[in-house]
Protein chains: 2
Amino acid sequence: MKTEHCTQIEKAVAAVAEKAKSGIHHFYFVACGGSQAFMMSVQYMFDREIGIPSSIYTSNEFNYGTPKDFDEHSVVITCSHSGTTPETVEAAKRATEIGAVSIALTNEIDSPLAKAAMYPIHYDHGADAAITDKNKAVLYALAFGILKVVAPEQAARWESGLKAIDALEEATNRTVEKFKEAAVAWGKANKRDSIIYTMGSGVNYGEMYSLAICLFMEMQWINSSCIHSGEYFHGPFEITDYDVPFIITISNGATRHLDERACSFCKKFSDNVFVIDEADFDMAGIDESVREYYAPLVLGGVIRTMVDSIAHERGHALSVRRYMWQMEY
Amino acid sequence: MKTEHCTQIEKAVAAVAEKAKSGIHHFYFVACGGSQAFMMSVQYMFDREIGIPSSIYTSNEFNYGTPKDFDEHSVVITCSHSGTTPETVEAAKRATEIGAVSIALTNEIDSPLAKAAMYPIHYDHGADAAITDKNKAVLYALAFGILKVVAPEQAARWESGLKAIDALEEATNRTVEKFKEAAVAWGKANKRDSIIYTMGSGVNYGEMYSLAICLFMEMQWINSSCIHSGEYFHGPFEITDYDVPFIITISNGATRHLDERACSFCKKFSDNVFVIDEADFDMAGIDESVREYYAPLVLGGVIRTMVDSIAHERGHALSVRRYMWQMEY
């Protein structure tokens, strides 16, 4: 990871350590759409590993329906790729003003968001950027850095978490290679589907939510909905039929049972279920104690291969938008 | 409200008051599907009104991906209509065992859930039951009772919240009457739609989530997805087109701006947007200071009228299931 990113992360973590002296009461993750989705795995990780509450909000829900527990004892982590999402800038500004630790991740270090937060952290983007400098690696470096401060009893484990960043690129490449043929074939087979359901739980929910709202709805104009595996049997499963397409991720971690149970039922009544079992991921180089948390990052690579394939088959480039960036809204 | 319900609520509230002496660290709402959705408005209310964190989980996410903050300083509120949902029974049992205040709402007072929780609370159900004895009234009586204990500085407001229960039935009836013609016409006009999106925010999110997963997916086998109004512009809005149906609720409370903004855009590009503006609700008898929190309960009546209409037009009774209760899963 570049020195620039490391230095910014160190400053943010130092601020968290300083705040911890007077007490951190709540971690808030605040962002919109894909930027919110990509932080969900860390919110889950904090929820599981720290005895301090952590919550995640879409930015304007946080701004207008502000939780009462939000105060100077909060740590607020915001994210916006362009750094211009007005509601996320507003959330970062409010965090700064109230005296919370206000940390922001962005690809644009001179953006309004970077200026609104006390601790802006830059990440790289694009085909030429190293995976270790991109958004997910930078977020995880921040997350494990914070864990070292607030859950020092497992310091060795968090050190493994930091070390895993260097193994992420190869683990992703090897796993994508394993799934490639099936992923490409999936794109061909499903190009005429008008709705595709996604399903997952625990640490993977955010990645499956992002697949539904960003990749399918936003970038392919395909109807979609992310079903939590634990909710499937309590309503959504009645939509299952032989020709209803599902993509289900089975966690390699704590919530695996939920995914397995939903998948097993779904496959009985739909002939179109694409299963991504994280137990099949090649996670060599990533310590077992943090593999659950790294799985959604590797999953992202598999999903991208599927979506590239369907986009190609449909002749609908992932960059096309009809409203976003085309008009005021 | 019947004495039976009042007595059970009083016991639960007394237990919360007793726990408050040694410190309540977290309120957890844990349930599945419709039972989870119906508690979301109270989780939102607690989030807004109490400086103690509150979170909501689908039961098995709580059981398998258990948050670290869950301990004897927790209050856990579960719900299952039949009282037999195994994962919810398990959550209530764990709450009891860990020494948390374990409260359960159910229609079956002799059910496994009622036995697993320390403080079971019964609610009535069915055409003959008074609205004041049904699940939502009983939940709100519990919620405002707890608020009186943990946020006593606004005791008068919570007293208004309790008093509002008696005005709920008439407010709902009057409001449903106002929307009836449009709601019935909506069912006729949309009976052939293969997907219907629902949208809302803040206190109403749970009701719109329930509309998507229970009423449309489960009870009508219509594809659906609940979009948070604050997320709409960050992906989902690209699915909007002239013939894509949306049902949008505009809050009468804190998050109104999010709903108005999403609705205004959506109406520009879809010719099929059904708007339920809570500002048009007849909330007489419900104190203004708690109207935001009561709005989703009244909303439920309007939604039910729409769904009864579409079910009738489609000849698909709301009671029909192909999987639920038909087999083991």
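Quantities reported herein were computed from a predicted structural model and do not represent experimental measurements.

**Digging into the pairing of strand β4 (residues 101-106) of chain A**
On any regular strand, side chains alternate: one points to one face of the sheet, the next to the other face.
Residue and element names in this part refer to chain A.
Alright, step 1. Where burial is concerned, most of β4 is hidden: six out of the six residues are buried.
Alright, step 2. Burial of the side chains of β4 extends over both faces: Val 101, Ile 103 and Leu 105 are buried on one face and Ser 102, Ala 104 and Thr 106 on the other.
Alright, step 3. With five bridges joining them, strand β3 (residues 74-79) and β4 adopt parallel strand pairing. Bridge assignment links Val 76 to a residue of β4, and that residue is Ser 102.
Alright, step 4. Handedness of the crossover joining β3 and β4 through helix α4 (residues 86-98) is recorded here as right-handed.
Alright, step 5. Inspection of the sheet shows β4 paired to strand β5 (residues 119-122) by four bridges, in the parallel sense. Each residue of the ladder has a partner; that of Leu 105, found in β5, is Ile 121.

**Focus: the sheet that holds strand β6 (residues 195-200) of chain A**
Residues and elements named next belong to chain A.
Alright, step 1. Pairing in this open sheet of four strands is parallel, and the strands run β7-β6-β8-β9 from one edge to the other. Where the open sheet ends on each side, the last strands, each with one partner, are β7 (223-228) and β9 (273-277). On average, each strand axis in the sheet is inclined to that of its neighbour by 15 degrees, with strand direction left out of account.
Alright, step 2. By the bridge criterion, five bridges tie strand β8 (residues 246-250) to β9 in an arrangement that is parallel.

**Here we look at helix α2 (residues 33-49) of chain B**
Residue and element names in this part refer to chain B.
Alright, step 1. Across its 17 residues, α2 extends 25 Å between first and last C-alpha, which sits within 8% of the 24 Å expected from 1.5 Å per residue.
Alright, step 2. In the structure, α2 departs most strongly from a straight axis at Met 40, where the bend amounts to approximately 35 degrees.
Alright, step 3. Of all 17 residues in α2, 15 are buried; the element is thus mostly enclosed.

**Re the pattern of salt bridges**
Alright, step 1. Within this structure, the stated rule accounts for 34 salt bridges over all chains.
Alright, step 2. The closest approach of N and O atoms between Asp 241 of chain A and Arg 322 of chain B, which form a salt bridge, is 3.0 Å. One end of the pair, Asp 241 of chain A, is in the loop between β7 and β8; the other, Arg 322 of chain B, is in the segment after α11 (291-314), on a second chain.
Alright, step 3. The partly exposed category is assigned to Asp 241 of chain A, whose relative accessible area is 27%.

**Digging into the side chain of Thr 132 of chain A**
Residue and element names in this part refer to chain A.
Alright, step 1. The residue Thr 132 is located in the loop between β5 and α6 (135-150) in this model.
Alright, step 2. For Thr 132, a relative accessible area of 14% puts it in the buried group.
Alright, step 3. Excluding residues that lie within four positions of it along the chain, Thr 132 makes contacts with Met 1, Ala 137, Val 138, Ile 165 and Asp 166.

**Here we look at a nonpolar patch on the surface**
Alright, step 1. A cluster of nonpolar side chains, namely Trp 325, Met 327 and Tyr 329 of chain A, defines an oily patch on the protein surface of about 330 Å² accessible area.
Alright, step 2. Mapped onto the fold, Trp 325 of chain A is located in the segment after α10 (291-314).

**Some thoughts on the interface of chain A and chain B**
Alright, step 1. Opposite the 67 residues of chain A that make contact, chain B presents 67 residues.
Alright, step 2. With both chains or domains summed, chain A and chain B bury close to 5,600 Å², and 53% of this area falls on carbon and sulfur atoms.
Alright, step 3. If you look at where chain A meets chain B, you find six salt bridges.
Alright, step 4. Among the ionic pairs, Glu 153 of chain A bridges to Lys 68 of chain B, the shortest N-O distance being 4.0 Å.
Alright, step 5. Looking at the side of chain A that touches chain B, the elements with two or more residues in it are β1 (26-31), α2 (33-49), β2 (54-58), α3 (59-64), β6, α8 (205-220), β7 and α9 (256-269) of chain A.
Alright, step 6. A total of seven residues in the side of chain A that touches chain B trace back to one element, the largest contributor, which is α2 of chain A.

Quick notes on the rules
Residues numbered from 1 in each chain as written. Chains lettered and ligands numbered in written order. Predicted model: local features only at pLDDT ≥ 70, side-chain atom pairs only at ≥ 80, totals over all residues. Heavy atoms only, no water. Buried < 20%, exposed > 50% of the residue type's maximum accessible area, 1.4 Å probe, protein only. Helix = DSSP H or I, 4+ residues; strand = E, 2+ residues; numbered from the N terminus. Pairing = 2+ DSSP bridges. Right-handed = clockwise from strand over helix to strand, strands pointing away. Axes fitted to C-alpha atoms, helices over the stretch in contact; angles between N-to-C directions. Expected span 1.5 Å × (residues − 1). Bend = angle between axes of the 7 residues up to and from the residue. Salt bridge = Lys/Arg side-chain N within 4 Å of Asp/Glu carboxyl O. Contact = heavy atoms within 4.5 Å. Patch = residues over 30% accessible without salt bridge, like charges linked within 9 Å, V, L, I, M, F, W, Y side chains within 5 Å. Areas by Shrake-Rupley, 256 points an atom, 1.4 Å probe, with all protein chains shown as cover. Buried area = accessible area lost by both parts, 1.4 Å probe.

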